[in-house]
Structure formats: C-alpha cells, structure tokens
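Structural description and commentary
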Amino acid sequence: MAAKPKLWYFHGRGRMESIRWLLAAAGVEFEEEFLETREQYEKLQKDGRLLFGQVPLVEIDGMELTQTRAILSYLAAKYNLHGKDPKETVRIDMYADGTLDLMLMVALAAFKPLEEKEESLALVVKKAKTRYFPVFEKILKDHGEDFLVGNKFSWADIQLLEAILMVEELDASVLCDFPLLKEFKTRISNIPTIKKFLQPGSQRKPPPDNHYVEVVRNVLQL
Ligand SMILES: N[C@@H](CCC(=O)N[C@@H](CS)C(=O)NCC(=O)O)C(=O)O
C-alpha cells in the first residue's frame, strides 16, 4: 500500500489548509508534521527539502512538493477533481485561484497589528460580497447545476466551500443575498468525506490565534 501523503507545516491553517481540505474531500488519509521550532525549519532547508526555502511541503508519490497552487493542482489531477478537458480545467483553476486569493487575505490579516487586522478582515468581507460571491452566485444561476464546473464535483467546489465557511466566521450573515450559494454550501457540506472533515476532531484547523501567530513568527523569524 502506498504511504500516506505527509504534510509539513505549522499547526494552523495558513497556506496548507486548502491542501488538507482537498485531501480530505478526496477521502485520502494524510500525516502531518508540525513546525514548532526554528531548528525544524532550518533542518528542512539544510536537507534541501524546501525548493525555495518555504513551506508548505508535501511528500507524496516519492516527490517532495512545494508551492501551494502547484500542489493543489497535482492533487486535483491525481484525485479526479479537475475537469474532463483543458477548458473545464482552466475554469476550475480560475475559480480556485480566486478563492485562494480571498483566503490568503484572511491568513495574512492575522499577522497585522490589531487596528489594521480589523480593517483587513472588514475588507475581506466586503470583497467577498462584492467581488467573489456574486461571481459564483451567477455561475450557479446561469447553468443551474449542482457544481461549479461540468456538473461534476471538483477542486473549485471544495475551495469555494472552504472560503464561504471562512468568511462566515467573520460575518455570519455574509450569504444573506446569495441564495444559491447558501444551497451550495449545504449541498457540498453534506458530501460524506467533507461532512466528516467538518466534524470536531478532524484534521481541519481552527482560525489563527495568538499562539499560532507567535509560533510562525518565531520559526520564520518575521
Ligand atoms: N508561493 C509560495 C509561498 C510560500 C510561503 O510564503 N510560505 C511561507 C510560510 S506560509 C514561508 O515559508 N515563508 C518563509 C520565507 O519566505 O522565507 C506558496 O504558495 O507555497
């Protein structure tokens, strides 16, 4: 039996969380190694395991992969969560990249001073409501299907749900004006692998707290 993929990152969401979501949605078990100290990070660098000196690092299929989007794209292809042809795949990539941009804003806000952090998170909610969610609502309305692309469950659906839940943590009423996204959220949350990932005790990580921010700062010497 092939070894389980192994994920090297901090004990928090950051750039690794979408990778966890994708693996969990695909029903793939994975192991995690959490970076807690500068020494662990320097050892990975010294051993030449971080292509550009950065995490996330994912060990899978005899490879050591870095660069979040490349890793997600590989996993989407491997677990049949991409499109049936290049045109569907590029749409899935566009949608997934949009939600990654939105979620990265949330991840980076945690590292800002308190006043700026509140401002940044308010901007995330605003952008979700005005830039991202209207696009996805329209896509669902226009084709009337259950999933974003090709009437088939894909990486784009997984990430849109991840983004919706993340923004709802900031503003519980954010889906008020997006009835189809509300239905989408319920539908995708009920896919058995995702339902399991949403249960307490799964490998899903909580929103960043002060301890997480401190560990990342210490390890990366920010
Ligand atoms: N483009 C990379 C960026 C990775 C990145 O910035 N990782 C941070 C941790 S979340 C890091 O390792 N920073 C250390 C550094 O850049 O020196 C990706 O998407 O994976």
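Predicted, not measured: the structure shown is a model, and the values here were computed from it. (Residues numbered from 1 in each chain as written. Predicted model: local features only at pLDDT ≥ 70, side-chain atom pairs only at ≥ 80, totals over all residues. Heavy atoms only, no water.)

A count of helices and strands for the protein chain gives nine helices and four strands. Helices and strands in the protein chain line up, N terminus first, as β-α-β-α-β-β-α-α-α-α-α-α-α. Against the globule reference of 17 Å for 222 residues, the protein chain gives a C-alpha radius of gyration of 17 Å, in line with a compact fold. Based on the C-alpha atoms only, the size of the protein chain along its principal axes is roughly 50 × 50 × 30 Å. (Helix = DSSP H or I, 4+ residues; strand = E, 2+ residues; numbered from the N terminus. Rg over C-alpha atoms; globule rule 2.2 N^0.38 Å.)

This next bit is on the site of the ligand. Every residue close to the ligand is listed here: Tyr9, Arg15, Tyr41, Gln54, Val55, Pro56, Gln67, Thr68 and Leu220. The contact in question runs from a nitrogen atom of the ligand to an N or O atom on the side chain of Gln67, over 2.7 Å. Side-chain polar atom of Thr68 to an oxygen atom of the ligand: 2.7 Å apart, as the coordinates give it. Protein coverage of the free-state accessible area of the ligand, which is 510 Å², stands at 70%. Per-class residue counts for the shell around the ligand are five nonpolar, three polar and one charged. (Near = heavy atom within 4 Å. Polar contact = N/O pair within 3.5 Å; in protein donor to acceptor, adjacent residues only side chain to side chain. Areas by Shrake-Rupley, 256 points an atom, 1.4 Å probe, with all protein chains shown as cover. Nonpolar A, V, L, I, M, F, W, Y, C, P; charged D, E, K, R; others polar.)

Moving on to the environment of Glu183. Examined against the element boundaries, Glu183 turns out to sit in helix α7 (residues 179–189). Since its relative accessible area comes to 47%, Glu183 is described here as partly exposed. (Buried < 20%, exposed > 50% of the residue type's maximum accessible area, 1.4 Å probe, protein only.)

Attention now goes to a negative patch on the surface. On the surface, Glu115, Glu116, Glu118 and Glu119 cluster together to form a negatively charged patch. Examined against the element boundaries, Glu118 turns out to sit in helix α5 (residues 114–143). (Patch = residues over 30% accessible without salt bridge, like charges linked within 9 Å, V, L, I, M, F, W, Y side chains within 5 Å. Salt bridge = Lys/Arg side-chain N within 4 Å of Asp/Glu carboxyl O. Lys, Arg positive; Asp, Glu negative; His and termini not counted. Charge placed at Lys NZ, Arg CZ, Asp CG, Glu CD.)

Turning to the pairing of strand β4 (residues 63–66), a few remarks are in order. Here four bridges tie strand β3 (residues 57–60) to β4, and the two strands are oriented antiparallel to one another. Each residue of the ladder has a partner; that of Leu57, found in β4, is Thr66. In textbook terms, the turn of a hairpin is the stretch between consecutive antiparallel strands, and for β3 and β4 this stretch comprises two residues, one of which, Asp61, has a positive phi near 50 degrees. (Pairing = 2+ DSSP bridges.)

With that settled, consider the UniProt feature "domain: GST N-terminal" (unreviewed entry) in the protein chain. Under the UniProt annotation, "domain: GST N-terminal" (unreviewed entry) lies at residues 3–83. For residues 3–83, the end-to-end C-alpha separation is 26 Å, with 36% helix and 20% strand making up the annotated structure. (UniProt positions renumbered as here; feature names shortened; annotations may be inferred.)

We now examine the environment of Glu168. Among the secondary structure elements, Glu168 is positioned in helix α6 (residues 155–170). Judged by its relative accessible area of 17%, Glu168 is buried. Residues Glu168 and Leu108, 60 residues apart in the sequence, show an inter-C-alpha distance of 17 Å. When residues no more than four places from it in sequence are discounted, the contact partners of Glu168 are Val174, Leu175 and Lys185. (Contact = heavy atoms within 4.5 Å.)

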